[in-house]
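Next come the chains, spelled out residue by residue.
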Amino acid sequence: MSYINPQAEEKFFIRQKEFIRRLEIGRDPLIFDVGANIGQSIEGYRRLFPECKITSFEPLPDCFGTLVRQFVGTDGISLENLALAETEGVRTFYSTRCKSASSLLEPDPIIRKKSVKGNYDYDKIEVKTGTLDSYCKRNGVTEIDILKIDVQGAELSVLKGADSLLKNGAIRLIYSEVLFAENYSGQSSLLSISAFLERHSYLLWDLSPFLFTRAGRLWTANAIFVSESTCKTLENYPEEFKEP
């Protein structure tokens with residue numbers, strides 16, 4: 001049904017190390033990992049930045065349990081059993097057979113039909129939601145170095161919940177998955193995400209496709225967005241950008 005280029009995904013992920021170096025953030029960037037699943041990004045960021053501080057958000061009980069078993073008590077890692085969205089409250093969450101495909105959005109009937117293994121078949125559960133703005137206000141967070149988002153089509157909802165942070169340019173780099181083929185009802189698009197961020201003076205810096213349908217259509221990519229001030233710093237850096 002699809003083919004993936006894991007090397008391209010890994011290479012693009014590693015590029016974040018060069019961004020942090022150029023921005024002179026130091027050895028311990030603050031990273032918000034939204035949609036942590038079972039800790040793949042935690043492991044990835046700890047390899048890039050061994051002294052980083054990570055706050056991970058994961059609403060699915062089974063996955064959050066895995067996070068707790070692996071990382072609870074680990075220095076620099078905070079775990080939150082919470083779905084980030086544009087409002088606080090309780091919402092229906094679609095827990096799919098393939099847990100990494102679970103979302104606040106209902107899987108599209110077409111993708112469910114095409115999935116031979118039933119990966120998008122789901123159970124409905126209720127999860128607690130919060131906003132990034134409210135979480136940061138409660139916890140005294142005034143600036144985020146990297147905001148990583150992997151929430152299966154609900155990226156725009158997460159960003160709308162960070163309206164104040166974005167208005168203040170308090171997020172230096174956004175690393176987000178973006179869907180192109182239809183996966184979920186009402187899913188975010190690159191156009192809608194870019195348009196929203198541009199209104200907050202954030203720019204699309206780069207895009208890296210890594211997943212394609214069997215027919216060769218682009219299915220999923222990772223995107224990097226930066227604030228205007230970050231963009232100026234990067235563009236005025238005296239050295240040529242070093243590819244990983």
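One can find the structure itself at the top, above this paragraph.
These numbers come from a predicted model, not from an experiment.

**Student:** Lay out the overall build of the protein in plain terms, naming residues and giving numbers.
**Tutor:** Summing up its helical and strand segments, the protein has nine helices and 11 strands in all. Computed over the C-alpha atoms, the radius of gyration of the protein is 17 Å, within 12% of the 18 Å expected from 2.2 N^0.38 for a compact globule of 244 residues. With respect to the three principal axes, the spread of C-alpha positions in the protein is 50 × 40 × 35 Å. For the protein, the proportion of contacts with a sequence separation of at least 24, taken over those separated by at least 6, is 72%. For the protein, the computed accessible surface area is about 11900 Å², with 48% contributed by carbon and sulfur atoms.

**Student:** Break down the sheet that holds strand β6 (residues 89-96) for me, with residues and values.
**Tutor:** Read across the open sheet, the three strands follow the order β5-β7-β6; overall the sheet is mixed. Lying at the two open borders of the sheet, with one neighbouring strand each, are β5 (83-84) and β6. For β5 and strand β7 (residues 122-130), the ladder comprises two bridges, and the chain directions are parallel. Of the residues in β7, the one forming a bridge with Leu 84 is Gly 130.

**Student:** Give a detailed account of the pattern of salt bridges, specifying residues and quantitative values.
**Tutor:** What the rule picks out here adds up to 13 salt bridges. Note that Arg 21 is salt-bridged to Glu 239, the shortest N-O span being 3.1 Å. Here Glu 239 lies in the segment after α9 (228-235) and Arg 21 lies in helix α1 (residues 6-22), a separation of 218 residues in the sequence.

**Student:** An account of α9 is requested, with residue identities and associated values reported.
**Tutor:** Taken together, the buried positions of α9 are Thr 230, Cys 231 and Leu 234. With its buried residues spanning 100° around the axis, α9 presents them on a single face. Buried residues along α9 sit in contact with α1, β9 (171-179), β10 (202-213) and β11 (218-227).

**Student:** Tell me about the pairing of strand β8 (residues 144-149), and name the residues and values.
**Tutor:** Where burial is concerned, most of β8 is hidden: six out of the six residues are buried. Across four bridges, strand β2 (residues 30-34) lies against β8 in parallel orientation. Among the inter-strand pairings, Phe 32 is bridged to a residue of β8, identified as Leu 147. Bridging between β8 and β9 involves five bridges; their strand directions are parallel. For Ile 144, the partnering residue across the bridge sits in β9 and is Ile 171.

**Student:** Report on unusual backbone geometry, specifying residues and quantitative values.
**Tutor:** Positioned with a positive phi, Glu 24 is a non-glycine residue whose angle comes to about 55°. With respect to the helices and strands, Glu 24 occurs in the loop between α1 and β2. For Asn 37, which is not glycine, the phi dihedral falls at a positive 55°. Within the secondary structure, Asn 37 is located in the loop between β2 and α2 (40-48). Here Asn 37 falls in the buried class, since its relative accessible area comes to 13%.

Cut-offs applied
- Residues numbered from 1 in each chain as written.
- Predicted model: local features only at pLDDT ≥ 70, side-chain atom pairs only at ≥ 80, totals over all residues.
- Heavy atoms only, no water.
- Helix = DSSP H or I, 4+ residues; strand = E, 2+ residues; numbered from the N terminus.
- Rg over C-alpha atoms; globule rule 2.2 N^0.38 Å.
- Contact = heavy atoms within 4.5 Å.
- Areas by Shrake-Rupley, 256 points an atom, 1.4 Å probe, with all protein chains shown as cover.
- Pairing = 2+ DSSP bridges.
- Salt bridge = Lys/Arg side-chain N within 4 Å of Asp/Glu carboxyl O.
- Buried < 20%, exposed > 50% of the residue type's maximum accessible area, 1.4 Å probe, protein only.
- Arc of directions from axis to C-beta.

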